[in-house]
Amino acid sequence: MPNDAKHEATVFYADNRFERMARRQGGVAREQALENAQAHIEELKSDFVEWLNQEMQELRTALSQLEGHSGDMPYLDRAYQSCAHLHDVGATMGFELVTFVANNLCEILDAMKAGAPYDKDAIDCHVDALMLAKTEPYRHVSPEQVPEMTSGLRRVGELVSIVPADNNK
């Protein structure tokens, strides 16, 4: 087939159940849907502190199991998953500092998956920071409001996340 021949593509749209439902009349206006979602989040906030305490305990348990088995992927995955839950929900519920600290800890756990050594002190430092971030004086503090803490945690994360050269092949 010559390169200069013209090719025309036929564009067609699938008419599936989702497409038909999306085109139907009715539903809720975008603004109303956002208001409803925000109201629902506000309702959930009253139970969030209890959930946060439970999730922190799960994280601490997972990390204590990881301490003795730092090379075992199931323990590492469990600790990462628990930490990711904190990261994912914290900012939505107004706990931005929890999200920041959990994100740093997730990065350390990711580095461990890639071969970085287990560092109990760095992990304990992040757990302590999480415990502080959930307390009343720090609950609604943004990371920018505590630059000494956040820069220190970033630095610890950078130092710990360095994968040894012989493992990074």
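Use the structure listed above.
Keep in mind that what you see is a predicted model, and the values were worked out from it rather than measured.

K.L.:
Looking at this model, I keep getting lost on the packing of aromatic side chains. Mind explaining?
P.N.:
Think of a pair of aromatic rings as described by two things: how far the centres are apart, and how the planes are tilted against each other in angle. Taken as a whole, this structure holds 2 aromatic pairs when the rule is applied. When the ring of F48 is compared with that of W51, the centres are 5.4 Å apart and the planes differ by 25 degrees; the resulting orientation is stacked. Of this pair, F48 and W51 are both found in helix α2 (residues 30-68), 3 residues apart, which corresponds to roughly one turn of the helix. One cation-aromatic arrangement involves K113 over Y80; the distance from NZ or CZ to the ring centre is 4.3 Å.

K.L.:
What is the right way to read the nonpolar core from this model?
P.N.:
Buried together is how nonpolar side chains tend to be arranged in soluble globular proteins. Core analysis: the largest hydrophobic core is formed by 36 residues, its most contacted members being L63, L86, L105, L109 and L130. Within the residue set of this core, elements represented by two or more residues are α2, α3 (73-90), α4 (96-113), α5 (120-133) and α6 (147-160). Broken down by element, this core gets its largest block of residues, 10 residues, from α4. Those residues in contact with L86, other than ones at most four positions away along the chain, are W51, L52, E55, M56, L59, V98, T99, A102 and L130.

K.L.:
Can you walk me through α2 in this structure?
P.N.:
Note that an α-helix has 3.6 residues per turn; residues three or four places apart therefore point the same way. Here α2 contains 39 residues, and its C-alpha end-to-end distance of 50 Å is more than 12% below the 57 Å for a straight helix at 1.5 Å per residue. Maximum bend of α2: about 50 degrees, positioned at D47. Of all the residues in α2, the buried ones are I41, F48, L52, E55, M56, L59, A62, L63 and L66. Residues of α2 that are buried sit in contact with α3, α4 and α5.

Analysis parameters
Residues numbered from 1 in each chain as written. Predicted model: local features only at pLDDT ≥ 70, side-chain atom pairs only at ≥ 80, totals over all residues. Heavy atoms only, no water. Phe/Tyr/Trp six-rings, centres within 6.5 Å; stacked < 30°, edge-to-face > 60°. Helix = DSSP H or I, 4+ residues; strand = E, 2+ residues; numbered from the N terminus. Lys NZ or Arg CZ within 6 Å of the ring centre and 35° of its normal. Core = buried A, V, L, I, M, F, W, Y, C linked by side-chain atoms within 4.5 Å. Buried < 20%, exposed > 50% of the residue type's maximum accessible area, 1.4 Å probe, protein only. Contact = heavy atoms within 4.5 Å. Expected span 1.5 Å × (residues − 1). Bend = angle between axes of the 7 residues up to and from the residue.

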